[in-house]
Amino acid sequence: MRKILRYAILAGLLAVVAAGAYYLPKLKTVEAETITVEPRQVSKTQTEEGVVQPQANQVINSPVSGEIAELAIEEGQPVAAGDLLFKLDTRDLAQQKALAEKSLSVQIAQAQAQAPAVALASSQMEQAQDLLDRMQGLADAGAISQGELDAAQYAYTDAQTAYEAANKNQAYLQSLVSSARLQVTQLASDISRSTVTAPAAGYIKNLMVREGSFVMPQSEICLLSSEESLLLEALVATEDVVYLNIGDEVEIRIKQGENKLTAAGEIREVMPYAVEKVSSLGLTERRVPVKVAYTNKNLPLAPGYSADVVFTLATADQALTVPKTAVFAYEEGYAVWKVDQDGQARLQVVTQDFKTANDVVIRDGLAAGDVVLVNGSQADIAEGVRIKGF
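What you see is a predicted model, and the numbers here were worked out from it, not measured in a lab.

Colleague: With reference to specific residues and values, describe the environment of Leu182.
Modeller: Secondary-structure assignment places Leu182 in helix α3 (residues 146-193). Taking the C-alpha atoms as reference points, Leu182 and Glu101, separated by 81 residues in sequence, lie 10 Å from one another.

Now the structure itself:
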């Protein structure tokens with residue numbers, strides 16, 4: 001009987017302990033920071049450094065060989081169409097042109113002197129032809145011997161050969177005249193082309209010479225970057241680039257001394273590949289080049305300059321958000337601590353949409369007006385714990 005009584009007392013004590021373990025936390029009041037969930041417009045942005053890159057480069061070459069007598073440009077300099085880029089020393093070309101002009105005069109005189117010889121040879125060949133025709137008629141009539149006919153034939157052949165030689169000599173002299181005239185024309189063109197101007201407006205890039213440098217024909221002098229084709233190129237993380245589309249608006253931020261300038265921009269191209277970039281922490285990241293156009297050409301930007309590009313990755317109207325600190329991992333998803341109408345903490349499973357710098361947009365699991373604990377990992381919070389102030 002006593003043994004049964006002892007067992008009954010022990011069972012009662014265990015029941016009391018179990019009940020205390022279950023109900024005491026619910027009776028406990030805990031101080032915790034809370035936030036009321038309210039609908040609002042929210043955007044997820046990402047800021048990346050963009051570098052001005054010209055997309056269309058025109059190679060400026062030296063048209064002829066020579067020493068650069070005047071260099072009117074420097075690296076990064078803006079130029080307008082028709083602005084002087086450089087001049088080559090043309091003194092050697094001028095001397096060559098003077099010599100070529102003298103040679104041309106001599107060749108013209110020689111060709112002109114040959115003209116009477118050609119005319120004479122042509123006349124003699126015609127006379128020999130007439131004589132051969134008459135002798136052939138007489139031979140057919142039996143009035144002259146075969147020897148006399150052969151002599152007339154030989155005379156015509158000699159006259160024909162002399163004419164062909166004179167004509168060939170004249171053609172040769174005429175070719176010399178054409179060659180000399182072409183040389184004069186080419187040298188005149190070279191002198192004219194030795195002054196090089198900008199074919200279009202743009203910026204000077206990759207200047208490879210200096211005043212006094214000797215250049216050969218087609219030597220690269222610099223690149224001319226078209227002003228209209230200047231784009232900011234930013235490298236965007238692969239996980240962020242999926243939110244971007246051609247035509248999306250961006251914000252461009254430029255620091256100029258103590259001032260900060262902002263301007264609108266637009267995504268022109270999202271490249272279909274990724275490149276490796278080492279972060280400031282030494283980590284290798286995969287990033288996608290994104291090209292951004294800006295319409296305000298008065299911005300203090302030139303090739304090689306940098307600016308911050310603010311990309312909008314996602315936006316939501318009437319979105320329900322909670323601080324990032326409120327959300328914690330639960331089973332295979334996420335949850336928050338919600339305060340019910342009795343002021344007690346209740347675990348609430350939620351579905352995330354996207355994150356901003358400080359908040360999480362909740363797609364499912366919460367409603368407007370719900371009260372959520374700011375710190376979801378607070379150690380003294382458990383299911384049913386009463387929250388102070390509710």
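Colleague: If you had to explain the pairing of strand β12 (residues 230-237) to someone new, which residues and values would you point to?
Modeller: Counting buried residues in β12 gives six out of eight residues, a clear majority hidden from the surface. Of the strand pairs in this sheet, β12 and strand β16 (residues 284-294) are connected by six bridges, and their pairing is antiparallel. Each bridged residue has a counterpart across the sheet, and for Glu233 the counterpart in β16 is Lys291.

Colleague: Residue-level account of the pattern of salt bridges, with values.
Modeller: Side chains that differ in sign of charge can pair as their charged atoms come close. In this structure the tally under the stated criterion is 13 salt bridges. Glu269 is the salt-bridge partner of Lys291, the closest N and O atoms lying 4.0 Å from each other. On the criterion of sequence distance, the pair formed by Lys291 in strand β16 and Glu269 in strand β14 (residues 259-270) is long-range, its members being 22 residues apart. For Glu269, a relative accessible area of 34% gives the class partly exposed. Salt bridges sharing common partners tie together Glu48, Glu285 and Arg287.

Colleague: Can you tell me about the packing of aromatic side chains, naming the residues and giving the values?
Modeller: Tallying each qualifying case throughout the model produces one aromatic pair. Summarising the aromatic geometry, the rings of Phe328 and Trp337 are spaced 6.0 Å apart at their centres and angled 35° between planes, so their arrangement reads as tilted. On the basis of relative accessible area, Phe328 is assigned to the buried category, the value being 17%. Its relative accessible area of 9% is what places Trp337 among the buried residues.

Colleague: I'd like a rundown of the sheet that holds strand β5 (residues 66-71), residues and numbers included.
Modeller: Read across the open sheet, the four strands follow the order β8-β7-β5-β10; overall the sheet is antiparallel. One side of each edge strand has no neighbouring strand; the edge strands of this open sheet are β8 (195-197) and β10 (214-215).

Colleague: Before we move on, could you go through unusual backbone geometry and cite the residues and values that matter?
Modeller: Backbone geometry places Asn206, a non-glycine residue, at a positive phi of 55°. Structurally, Asn206 can be placed in the loop between β9 (202-205) and β10. Although it is not a glycine, Gln318 sits at a positive phi angle of roughly 55°. Looking at the element boundaries, Gln318 is found in strand β17 (residues 306-323).

Colleague: Would you mind going over the environment of Ala274 in detail, with residue names and values included?
Modeller: Along the chain, Ala274 falls in the loop between β14 and β15 (275-278). Among the residues examined, Ala274 registers a relative accessible area of 27% and is labelled partly exposed. When residues no more than four places from it in sequence are discounted, the contact partners of Ala274 are Thr238, Arg286, Arg287 and Val288.

Colleague: So what's going on with helix α2 (residues 91-140)? Which residues, and what values?
Modeller: Given a rise of 1.5 Å per residue, 50 residues ought to cover 74 Å, and the 73 Å separating the end C-alpha atoms of α2 matches this to within 8%. Taken as a whole, α2 has its buried residues at Leu93, Ala100, Leu104, Gln107, Ala111, Gln114, Val118, Ala121, Met125, Ala128, Leu132 and Met135. Taken from the residues just after α2, Gly142 is the one with a positive phi, measuring 80°.

Colleague: Describe the sheet that holds strand β6 (residues 78-79), with residues and values.
Modeller: Here we have four strands laid out as an open sheet, ordered β4-β11-β9-β6, and antiparallel in their pairing. In this open sheet, the two strands that pair with only one neighbour each are β4 (57-61) and β6. Sheet analysis places β6 next to β9, joined by two bridges and oriented antiparallel. Among the inter-strand pairings, Val79 is bridged to a residue of β9, identified as Gly202.

Colleague: How would you explain the nonpolar core if you had to name every residue and give the values?
Modeller: Counting 26 residues, the largest nonpolar core has Ile68, Leu85 and Phe86 as the members making the most contacts within it. When residues of this core are assigned to their parent elements, the largest contribution, five residues, is made by α3. Not counting the four nearest positions on each side in its chain, Ile68 is found in contact with Phe86, Lys87, Leu88, Val209, Arg210, Glu211, Gly212, Ser213, Val215 and Ile221. One finds Val52, Leu230, Ile252 and Val309 within the second-largest nonpolar core, a separate group that totals 24 residues.

What counts and what doesn't
- Residues numbered from 1 in each chain as written.
- Predicted model: local features only at pLDDT ≥ 70, side-chain atom pairs only at ≥ 80, totals over all residues.
- Heavy atoms only, no water.
- Helix = DSSP H or I, 4+ residues; strand = E, 2+ residues; numbered from the N terminus.
- Buried < 20%, exposed > 50% of the residue type's maximum accessible area, 1.4 Å probe, protein only.
- Pairing = 2+ DSSP bridges.
- Salt bridge = Lys/Arg side-chain N within 4 Å of Asp/Glu carboxyl O.
- Phe/Tyr/Trp six-rings, centres within 6.5 Å; stacked < 30°, edge-to-face > 60°.
- Contact = heavy atoms within 4.5 Å.
- Expected span 1.5 Å × (residues − 1).
- Core = buried A, V, L, I, M, F, W, Y, C linked by side-chain atoms within 4.5 Å.

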